[in-house]
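Observations on chain architecture
Take a look at the letters that make up each chain.
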Amino acid sequence: MKLLIRGGKVVDPANGINDGRDVAIIDGKLAGLNGISDLSDFQVIDATGKIVCPGFIDMHVHLREPGFEYKEDIVTGTRAAAAGGITTVCCMPNTEPVIDNAAVASFVVDRARKAGLVNVLPIGAITKKQEGNELSEIGELVSAGCVAVSDDGKPVMKADIMRNALDYTKMFGLPVLSHCEDLALAADGQMHEGYYSTIYGLKGIPTAAEEVMAARDIILARLTGGHVHICHISTRGSVELIRQAKKDGIKVTCEATPHHLTLTDELVGSYDADTKVNPPLRSTEHVEALLEGLNDGTIDCIVTDHAPHHLESKDCEYNLAAFGISGLETSVAVCMNLVNQGKLSLEKMVSLYTTGPANVLGIDKGTLTPGMAADVTIIDPEKVKIVDPAEFYSRGKNSAFKGMKLKGWPVTTIVAGNVVTENGRIVTP
Amino acid sequence: MKFERKDLLGLRDLTKEEIEHILYTAAPMKDVIKRDIKKVPTLRGKAMVTVFYEPSTRTRTSFEIAGKYLSADTVNLTVSTSSVKKGESLKDTIKTIEVMGFDAMVVRHSMSGTPHYIARNTNMRVINAGDGANEHPTQALLDMFSILEHKGTLQGLKVAIVGDILHSRVARSNIYGLSKFGCEIRVVGPSTLMPPELEKLGVKTYYHLDEALDGVDVINVLRIQRERQHTGLFPSLDEYASLYMITPERIRNAQDDVLILHPGPMNRGVEISSEIADSTRAVINEQVTNGVAVRMALLFLMMGGSRDEITN
């Protein structure tokens, strides 16, 4: 099987490439064009006018399987990823049962290998059942294929447990992905605490709920020498804490989501629960701080925190609705709009989806270097489409971007040399 | 002039003219209440339902009798939020009520925005009778009507709102309503019971009662929820009373003809002293009557015809 992606503009930050050239794939691996004289037996993908990138990685996704298949499963979730131009997802362990042991991790790996459309790398739980009390069998989780640990969805409230987690994971070179939320400060909160929570009459979640925990975890990373990765940062304070910690040489990385990079708390005034997410949509000053953080290297990667929910848990009273946004199928298009608006360069955006997460996780992905597995994301920068959740492959139709007109969409996704989408729709069964 | 909105969800989105329209319609309605035969046929053949997911006697009764004075058929439904959580979804409840043929639904809910959600999901007219800490538009309308009756105008008045501003839908609706009429609005209460960035709404924030009441024309005293003292937001009701209770002593620097409002039910000896509550400056019982008049006006405008019909 030979494939030639012809005529596109190749953006491959790891190799410093940003120009027009062809990309060859032979037997599922990227191949150098040097030495290939006869292209006649190559299947050709015409990428004229398109942007050809290393396959995008989303290291923060909830695939919901096992346990919550009515919200999403590995099949629907990886189809959503492929349609969204993502070739590798890391799935969070807040499943039922929790991915806190090798058996569950192996189940996910096997299911993904058989039924998944993209690469799936599981994340193990930091603590047993994500209860925050005892460390999971982290060594076994690593053996089973986990690339990180996280109690995402729940913060590790006990500082001594987080200390031990950061200390213990050092042995495996594993990052601890920390969901930073002080539960007492955030209690019963529905949205960002600020002007709009005042006028909408909803209980606010102060920025401090995130920042006190981010500060704690940075201090613990310094103490232990462990690698803390702060999940879905949403506040100016978090950006500033992490920026300083990086200057101080502490092993801290972080991520931000497309919704926190583009939407504000004003949107909550519709009381449409598709705007309800944790951490909450913040105010403009925080959105601006995140954009600064993206551009100056404080933020390492863009992730969706894809959180698909069943209709009934969103189509209800705002306070009763579940937190979360189904983001896989809008992620790249939303960030292309940041590029269109000049808020982010294309090269930077591509690196935030490729080398950025690959470096955080220490995985051998995110480049178009010959010899690597041929994961490729092709974007049509001119394609304009209105976000319609009814078209989502994900079971979660809970999109805060619904109805928005976006320009620049992923059109072709190639995973290990297999073309899985064309024009943004799945082509393999 | 007709009231053009399908729903009344809050005062934030209403124009000054719409509010005036309701208030001016309430005056003739108040006359109806004072008659021997308290019934006009204007809403005959119309049906309204009050659905209260939170306990309330006065607001629910007020809406019910307002509907009955106008000859609408009124039905009351009291639901506990906890049973709703387990059982039927709100959407199904709304649909069930709608298909019985009701023209309007008056709803109270402990969760902000629920009337907005209901309004999106039904063809019935929805009237917000209080949602969480968001709005209580008819309370603010009756407060404004009471002020108007006693002061002759709203324009330029100094109005103090005292108490738990953070959790108060009454405070928010009053702020939205009064600010459209050029009132100077002062809010006063413990700093832990002040929502953030309130001053962006054009109000002045005070923590000390005496400063806040200096020269005011109107004091609107909010009810303090007794349960709140256990949430760590303030130390005790005693301390609250010593700092914020409205007493003859505390209002000495207010205007001589200061008008005192309270949405009820009162905690005498906590946010308001009996001397004040029972004084001629307080119009707390009159507010209740005005509440019926304002709700009649609203039901009439939303389900019936134009104001000319009732004034001519």
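Residues numbered from 1 in each chain as written. Chains lettered and ligands numbered in written order. Predicted model: local features only at pLDDT ≥ 70, side-chain atom pairs only at ≥ 80, totals over all residues. Heavy atoms only, no water.

Residues and elements named next belong to chain A. Taken in spatial order, the 4 strands of this open sheet run β5-β4-β1-β6, and their pairing is mixed. Of all the strands in the sheet, just β5 (29-31) and β6 (43-46) have a single pairing partner and so form its edges. Across this sheet, the average inter-strand angle for adjacent strands is 30°, counted without regard to direction. (Pairing = 2+ DSSP bridges. Helix = DSSP H or I, 4+ residues; strand = E, 2+ residues; numbered from the N terminus. Axes fitted to C-alpha atoms, helices over the stretch in contact; angles between N-to-C directions.)

Moving on: the domain arrangement of chain A. Residue and element names in this part refer to chain A. By domain assignment, chain A separates into domain 1 (2-51 + 373-426) and domain 2 (55-361). In this complex, domain 1 contributes 38 residues to the contact, which on the side of domain 2 involves 51 residues. Summed over the three residues of domain 1 that lose the most area to domain 2, namely R395, N398 and F401, the buried surface amounts to 22% of that side. One can count 3 salt bridges joining domain 1 with domain 2. Close ionic contact of K402 with D272 constitutes a salt bridge, the shortest N to O distance being 2.8 Å. Between domain 1 and domain 2 we count 22 residue pairs in polar contact (both at pLDDT 80 or more) in total. Among the elements of the structure, β2 (9-12), β18 (376-386), β19 (405-415) and β20 (418-422) are those that each provide at least two residues to the side of domain 1 that touches domain 2. Among the elements that make up the side of domain 1 that touches domain 2, the one with the highest residue count is β19 (9 residues). Here the residues of the side of domain 1 that touches domain 2 are counted per class, giving 20 nonpolar, 10 polar and 8 charged. (Domains from an automatic or database assignment. Contact = heavy atoms within 4.5 Å. Buried area = accessible area lost by both parts, 1.4 Å probe. Salt bridge = Lys/Arg side-chain N within 4 Å of Asp/Glu carboxyl O. Polar contact = N/O pair within 3.5 Å; in protein donor to acceptor, adjacent residues only side chain to side chain. Nonpolar A, V, L, I, M, F, W, Y, C, P; charged D, E, K, R; others polar.)

All names here are of chain B. The assigned domain composition of chain B is domain 1 (16-135 + 288-311) and domain 2 (137-284). Here the C-alpha centre of domain 2 lies 26 Å away from the C-alpha centre of domain 1. Facing 28 residues of domain 1, the contacting portion of domain 2 comprises 26 residues. Interface of domain 1 and domain 2: buried area, both sides summed, is about 2100 Å²; carbon and sulfur atoms make up 63% of it. Applying the counting rule to domain 1 against domain 2 returns 2 salt bridges. For E54, the salt bridge identified is with R169, shortest N-O distance 2.8 Å. Along the contact surface separating domain 1 from domain 2 lie 7 residue pairs in polar contact (both at pLDDT 80 or more). Listing elements by their share of the side of domain 1 that touches domain 2, those giving two or more residues are α1 (16-34), α2 (58-69), β3 (104-109), β4 (125-131) and α11 (284-303). No other element matches the 9 residues that α1 contributes to the side of domain 1 that touches domain 2. Partitioned by chemical class, the residues of the side of domain 1 that touches domain 2 number 12 nonpolar, 7 polar and 9 charged.

Residues and elements named next belong to chain A. On the secondary structure map, T235 appears in the loop between β15 (228-230) and α8 (236-247). The buried category is assigned to T235, whose relative accessible area is 0%. Residues in contact with T235, not counting those within four places in the same chain, are T207, E210, E211, R282, H286 and L290. (Buried < 20%, exposed > 50% of the residue type's maximum accessible area, 1.4 Å probe, protein only.)

With that settled, consider the packing of α8 of chain A against helix α10 (residues 284-295) of chain A. All names here are of chain A. At a minimum axis separation of 8 Å, α8 and α10 run at an interaxial angle of 25°. Considered as vectors, α8 and α10 are oriented roughly parallel to each other. On α10, the residues touching R236, V239 and R243 of α8 are E285, H286, A289, L290, E292 and G293. Its residues placed into classes, the contact of α8 with α10 shows 3 nonpolar, 2 polar and 4 charged. (Parallel < 35°, antiparallel > 145°, perpendicular 65-115°, else oblique.)

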